[in-house]
Amino acid sequence: MPSDDILGAARALAAGHLVAFPTETVFGLGADAFDPAAVARIFAAKGRPSDHPLIVHVSGAERLTELAAEVPPMAQDLARAFWPGPMTLILRRANAVPLEVTGGQQTVGVRVPSHPVALELLRAFEQLGGRGVAAPSANRFGRVSPTTAAAVRAELGAVLDAGDVILDGQQSDVGIESTIIDCTGVDPVILRPGAVTAAMVEAVTGRAVGQPTAGIRVSGSLPAHYAPEATVVVDGEPQAGDGLIALHDHPTPPGVTRLAAPTTVEQYAHDLYAALRAADEAGIRRVVVLAPAGPGIAAAIRDRVQRASHRAGDASDPSALD
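Predicted model, so just to flag it, every value in this text is computed and none were measured.

Cut-offs and rules
Residues numbered from 1 in each chain as written. Predicted model: local features only at pLDDT ≥ 70, side-chain atom pairs only at ≥ 80, totals over all residues. Heavy atoms only, no water. pLDDT = per-residue confidence, 0-100. Contact = heavy atoms within 4.5 Å. Helix = DSSP H or I, 4+ residues; strand = E, 2+ residues; numbered from the N terminus. Buried < 20%, exposed > 50% of the residue type's maximum accessible area, 1.4 Å probe, protein only. Polar contact = N/O pair within 3.5 Å; in protein donor to acceptor, adjacent residues only side chain to side chain. 1 Å grid on protein atoms, 1.4 Å probe; cavity = no way out; pocket = protein on both sides within 12 Å on 5 of 7 lines; lining within 4 Å. Points joined across faces, edges and corners; volume = space filled by probe spheres on them. Nonpolar A, V, L, I, M, F, W, Y, C, P; charged D, E, K, R; others polar.

**Student:** Please clarify how the confidence of the model for the protein chain should be interpreted in this entry.
**Tutor:** Interpretation of the predicted coordinates at a detailed level should be avoided for regions scoring low in pLDDT. Per-residue pLDDT for the protein chain averages 93, and the proportion of residues at 70 or more is 94%. Low pLDDT (under 50) marks residues 312–322, which in the prediction has 14 contacts with non-local residues, meaning those over four places away or in another chain.

Spelled out as structure tokens, the structure:
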């Protein structure tokens, strides 16, 4: 039986309310994926453009047939290998999936999270007749994704209604958003890097990862994203008054505030967003991020910090649409 808190959250979803809940990647802001009015409240709460698609969370791969028009063999292989876990599959949407969830596209993103609270919530919601929870990260659009319930409250507490719920849970283990893999073509294509790496995808599918092409919009794909109030400088030289995020073996110059000193790239991903939030809380105006080199999750970290450094609304950049 789910706990009273989780059962109450599942009932809130069924009643059209929003529920913020922990996953292993970041905290999500969820609504019944098949309730367009509830989905619209996600976009309103976040200030998110309506053509920016959401990811539908379900409790198991057996739910794919309710959401996807077809599930190709490579998607089945990936689901067996990495679900529950930090991976989203892009598939042709079933006709029943509202276009409000997909940003008007004929594809849908689906994932099975591994966080026990998320899975318990999804199962409880499904027992009430739910077919999936649409959930982007639980923050204002374009800002730093939350990895704790406290960060969700700081971000969205003022815009959530009395019937909405924020579920507590430990800090997200992975710390950056899921890998998004397009499975609608011949070969898998990674549209957003994450903890499930290209090498892992190729090992499971036996296919080389293809190159993204223009067409499918996915979460976190705009040039400016994941940004704190502070200015983020990638691979710069920290000066007195700056904050610094770098692997532990990089020294901290005098007058610089060390925001994180992870010992591994996995810990780096785990600590990144909390460190960026800590900079804002401390009133630090510039953060130098020395991003780790290499493939895999290091590449996903570099993707996030490059987008965080790209200031939204820069008049010199018409592609900054955040």
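**Student:** Help me understand the side chain of H57 in this model?
**Tutor:** On the secondary structure map, H57 appears in strand β3 (residues 55–57). Relative accessible area serves as the criterion here: at 4%, H57 is assigned to the buried category. A polar contact of 3.3 Å, which involves the side chain of H57, links it to the backbone oxygen of I55.

**Student:** How do you make sense of empty space enclosed by the protein when you look at a structure like this?
**Tutor:** Over the atoms rolls a probe the size of a water molecule, and its path tells where empty space is left. Under the definition given, this model contains two cavities of 30 Å³ or more. Taken as a whole, the largest cavity encloses approximately 240 Å³ of empty space. Forming the walls of the largest cavity are 25 residues, and the residues nearest its centre are V26, P136, S137, E177 and R192. Here the lining of the largest cavity is composed, by residue class, of seven nonpolar, twelve polar and six charged.

**Student:** Any chance you could explain the side chain of E126 here in plain terms?
**Tutor:** With respect to the secondary-structure elements, E126 resides in helix α6 (residues 116–127). Overall, the relative accessible area of 11% leaves E126 in the buried class. There is a polar contact of 3.4 Å between the side chain of E126 and the side chain of R63. When residues no more than four places from it in sequence are discounted, the contact partners of E126 are V58, S59 and R63.

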